[in-house]
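Architecture at a glance
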Amino acid sequence: MTFALDFALKTHPGLVRPLNEDAIGADPALGLFLLADGLGGYNAGETASTMAVSTLLTELTAAQRRARGDGIDFDPRRSLNDALVEMNQAIYRAALNSSAFEGMATTIVVAWLLDGRLWVAHAGDSRLYRLRRGELVQITRDHSFSQELLDAGMVTEEEMHLLPSKNLVTRALGASAEVEPEIHVHDVEEGDVLLLCSDGLTEMVGPYEMGRLLTGCLPDLTEAARRLVDMANEAGGRDNISVVLVRARAPGAAAPAS
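Everything in this summary refers to the structure shown in the same document. Here the residue numbering is sequential within each chain, running from 1 through the sequence in written order. Local features are withheld for residues below a pLDDT of 70 in this predicted model, meaning they are given only at 70 or higher, and side-chain atom pairs are given and counted only at 80 or more; totals for whole chains, interfaces and linings count all residues. Calculated side-chain values reflect all of the structure's heavy atoms, with hydrogen atoms and water omitted.

Looking down a regular strand, the side chains alternate between one sheet face and the other. The buried count for strand 11 (residues 241–249) comes to nine of nine residues, which makes it a mostly enclosed element. Burial status follows relative accessibility: with a 1.4 Å probe on protein chains alone, a residue under 20% of its type maximum counts as buried, one over 50% as exposed, and anything between as partly exposed. In DSSP terms, a helix is any run of H or I states spanning at least four residues, a strand is any run of E spanning at least two, and both are numbered starting from the N terminus. Residues Ile241, Val243, Leu245, Arg247 and Arg249 of strand 11 are buried on one face, and the alternating residues Ser242, Val244, Val246 and Ala248, pointing to the opposite face, are buried as well. Where strand 1 (residues 4–12) lies against strand 11, nine bridges are found, and the strand directions are antiparallel. Of the residues in strand 11, the one forming a bridge with Asp6 is Arg247. Pairing between two strands requires that DSSP report at least two bridges joining them.

Shown next as structure tokens:
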């Protein structure tokens with residue numbers, strides 16, 4: 001089944017950072033939603049995240065349209081992998097060639113709803129969650145030093161949040177000459193709500209609180225996005241906060257009243 005999609009996007013600099021180095025974007029007609037969290041300080045992180053979102057939107061939609069025009073089967077996994085690998089090289093080269101952009105990189109998380117399936121690609125610690133029948137589940141796994149320690153059994157989940165290096169990402173676009181995006185495909189059910197977010201949200205608000213708020217705000221995705229950002233700011237707003245919400249509904253069904 002191909003689902004109709006409702007969506008809302010919201011980004012905020014938070015209460016501490018002078019710049020918003022997050023970037024969000026969408027092509028809802030193609031079911032494509034992206035979120036990036038720039039790294040590198042000053043305006044370099046903002047440049048990397050904006051480059052990633054704008055270029056990936058263009059390249060991924062063009063790849064799908066080319067396949068349709070040529071009458072060939074479209075391979076989302078290959079298209080996602082190729083686009084993210086090429087984007088990594090572009091950001092890496094830009095950082096090498098300009099002292100102003102030295103060290104810049106960005107996380108990325110992509111949600112692509114195609115033919116009733118959800119393709120997810122990511123690098124870094126920006127996340128994708130799915131709310132299904134009232135239960136919020138984290139779909140992505142962080143590419144971070146603290147996550148690796150947790151997976152190795154060297155720290156508990158409680159200790160992981162106290163590590164001084166908890167925000168050190170181990171994979172990001174532009175951080176090195178090569179990157180291996182993590183790509184998976186998932187089923188989609190009517191009523192599923194997807195939450196893409198930067199760590200400015202997840203460092204401030206726990207998954208239980210996020211799930212409870214989403215459930216309580218539905219069907220108003222715009223209000224839910226605003227409330228999630230407000231919750232992060234009320235908890236301290238120590239980083240940029242970005243949220244993308246997407247809801248799948250049966251084709252032909254009326255959008256729920258807000």
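Another point: the nonpolar core. Residues belong to a common nonpolar core when they are buried Ala, Val, Leu, Ile, Met, Phe, Trp, Tyr or Cys residues joined through side-chain atoms within 4.5 Å. Core analysis: the largest hydrophobic core is formed by 29 residues, its most contacted members being Leu56 and Ile108. Secondary-structure elements contributing two or more residues to this core are strand 3 (32–39), helix 1 (44–70), helix 2 (76–97), strand 5 (108–114) and strand 6 (117–123). With seven residues, the single largest contributor to this core is helix 1. With sequence-adjacent residues up to four places away left out, Leu56 is seen in contact with Leu34, Met51, Thr61, Ala83, Leu84, Met87 and Ile108. Whether two residues are in contact is decided by their heavy atoms, any of which lying within 4.5 Å being enough.

Further remarks concern the packing of helix 6 (residues 207–217) against helix 7 (residues 221–234). Every axis corresponds to a line fitted to the C-alpha atoms, with the helix fit spanning only the stretch in contact, and the corresponding angles, defined between N-to-C directions, vary from 0 to 180 degrees. Packing of helix 6 against helix 7 brings their axes to within 9 Å, and their N-to-C directions diverge by 150 degrees. In terms of their interaxial angle, helix 6 and helix 7 are classed as roughly antiparallel. Between helix 6 and helix 7 the crossing geometry is right-handed. Taking contact as the criterion, the partners of Glu209, Met210, Leu213, Leu214 and Cys217 in helix 6 are, on helix 7, Glu223, Ala224, Arg227, Leu228 and Met231. Each residue is assigned to one class: nonpolar for Ala, Val, Leu, Ile, Met, Phe, Trp, Tyr, Cys and Pro, charged for Asp, Glu, Lys and Arg, and polar for all the others, Gly among them. Across the contact of helix 6 with helix 7, the residue classes tally to seven nonpolar, no polar and three charged. Oblique is the label for every angle not falling under 35 degrees (roughly parallel), over 145 degrees (roughly antiparallel), or within 65 to 115 degrees (roughly perpendicular). Each crossing gets its handedness from the near helix: less than a right angle anticlockwise from the far helix is left-handed, clockwise is right-handed.

The description of two aromatic rings rests on the distance between their centres and on the angle between their planes. Aromatic pairing here means that ring centres of Phe, Tyr or Trp (its six-membered ring) are within 6.5 Å. Orientation follows from the plane angle: under 30 degrees is stacked, over 60 is edge-to-face, and everything else is tilted. Going through the model one piece at a time under the given rule, you end up with two aromatic pairs. For the ring pair Phe7 and Phe33, a centre distance of 5.7 Å and an interplane angle of 55 degrees mean the geometry is tilted. Within this pair, whereas Phe7 is found in strand 1, its partner Phe33 is found in strand 3, the two being separated by 26 residues in sequence. For the pair Phe74 and Trp112, a centre-to-centre distance of 5.5 Å together with 70 degrees between the ring planes defines the contact as edge-to-face. Of this pair, Phe74 sits in the loop between helix 1 and helix 2 while Trp112 is found in strand 5, placing the two residues 38 residues apart along the sequence. We classify Phe74 as partly exposed; its relative accessible area is 24%.

Quick look at the side chain of Thr106 now. When you line up the elements, Thr106 lands in strand 4 (residues 105–106). The residues touching Thr106, leaving out its near neighbours within four places in the chain, are Ala36, Asp37, Gly38, Leu39, Ala48, Ser49, Ala52, Ile91, Ala172 and Leu173.

All right, on to the side chain of Asp142 then. Inspection of the secondary structure assignment puts Asp142 in the loop between strand 8 (135–138) and helix 3 (145–151). Residue Asp142 is classed as buried on the basis of its relative accessible area, which comes to 8%. In this structure the side chain of Asp142 is engaged in a polar contact, spanning 2.8 Å, whose partner is the side chain of Arg127. Side-chain atoms alone can form a polar contact between residues adjacent in sequence; in general such a contact is a pair of N or O atoms within 3.5 Å, and within protein one must be able to donate a hydrogen while the other accepts it.

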